[in-house]
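Residue-level structure breakdown
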Amino acid sequence: QVQLVESGGGSVQAGGSLRLSCAASRRTFSTYAMGWFRQAPGKERESVAAISWSGDNTYYADSVKGRFTISRNNAKNTVYLQMNTLRPEDTAVYYCAADRGFPITTTPHYWGQGTQVTVSS
């Protein structure tokens, strides 16, 4: 079992930045691909970014390319999502996910509990 705990969400004005963190409970964290999803009110959950277990491969949704950066520190069992130039449409609950394969599927093995990100105009 892998437990994922997100942190770093909050409220920010448009154009601002936030960094989300996701800490994993197991030492085998380095064997999992990791990803971030988000779900806005009334919308389906969507994949935002993902990173392979080694960090060599990444994926970004078109809507966040050039603004968001995913990274990981396997020594700290933590994955990050640096979000810059935030827009009101980025407002959502952001979820961390862990999966065995890359790219991450829409049904990963493990989910975090989510952290709210609110961007005001």
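Counting of residues starts from 1 at the beginning of each chain's written sequence and follows it residue by residue. Under the rules for a predicted model, residues below a pLDDT of 70 receive no local features and side-chain atom pairs below 80 are neither given nor counted, while totals for whole chains, interfaces and linings still include all residues. To obtain the side-chain values, all non-hydrogen atoms of the structure were used and water was disregarded.

Concerning the pattern of salt bridges
In the sections that follow, a salt bridge refers to a side-chain nitrogen of Lys or Arg positioned within 4 Å of a carboxyl oxygen of Asp or Glu. A full pass over the atoms with the stated rule returns 4 salt bridges. A salt bridge links E46 to R38; the shortest N-O distance between them is 2.7 Å. The class for E46 is partly exposed, based on a relative accessible area of 34%. Through salt bridges with shared partners, one network takes in R38, E46, R67 and D90. Throughout, exposure labels follow a simple rule: accessible area from a 1.4 Å probe, protein chains only, divided by the maximum for the residue type, with under 20% read as buried, over 50% as exposed, and the rest as partly exposed.

So, the pairing of strand β9 (residues 92–99)
Among the 8 residues of β9, 7 are classified as buried, and the element is accordingly described as predominantly covered. Any two strands between which DSSP finds at least two bridges are classified as paired. Numbering of helices and strands runs from the N terminus; a helix is a DSSP stretch of H or I covering at least four residues, while a strand is a stretch of E covering at least two. Relative to β9, strand β4 (residues 33–39) is paired through 7 bridges, and the arrangement is antiparallel. Pairing of F37 across the sheet is with Y95, part of β9. Of the strand pairs in this sheet, β9 and strand β11 (residues 115–120) are connected by 3 bridges, and their pairing is antiparallel. Bridge pairing in β11 places A92 opposite V117. Sheet topology places β9 next to strand β10 (residues 110–111); 2 bridges connect them, and they run antiparallel. In the sheet register, A98 faces β10, and the bridge partner there is Y110.

Regarding the side chain of N77
Locating N77 in the fold gives a position in the loop between β7 (68–73) and β8 (78–83). Note on definitions: a residue-residue contact is assigned when non-hydrogen atoms from the two residues lie within 4.5 Å. Those residues within four positions of N77 in sequence are excluded, and the remaining contacts are C22, A23, A24, R26, R27 and F29.

Points about the sheet that holds strand β3 (residues 18–24)
Pairing is antiparallel across the open sheet formed by 4 strands, whose spatial order is β1-β3-β8-β7. Both outer strands of the open sheet, β1 (4–7) and β7, are each paired with one neighbouring strand and no more. Averaged over all pairs of adjacent strands, the angle between their axes in this sheet comes to 15 degrees, without regard to strand direction. Between the N-to-C directions of two axes lies an angle of 0 to 180 degrees, each axis being a line fitted to C-alpha atoms and, for a helix, fitted only over the stretch in contact.

Describing the state of the cysteines
Disulfides are defined as cysteine sulfur pairs within 2.5 Å. Tallied over the full model, the rule gives 1 disulfide. The disulfide partner of C22 is C96, and the gap between their sulfur atoms is 2.1 Å. Measuring the twist about the S-S bond at about -80 degrees, one finds the C22-C96 disulfide to be left-handed. Pair noted here: C22 is in strand β3 and C96 is in strand β9, with a separation of 74 residues, a long-range link. Relative accessible area serves as the criterion here: at 0%, C22 is assigned to the buried category.

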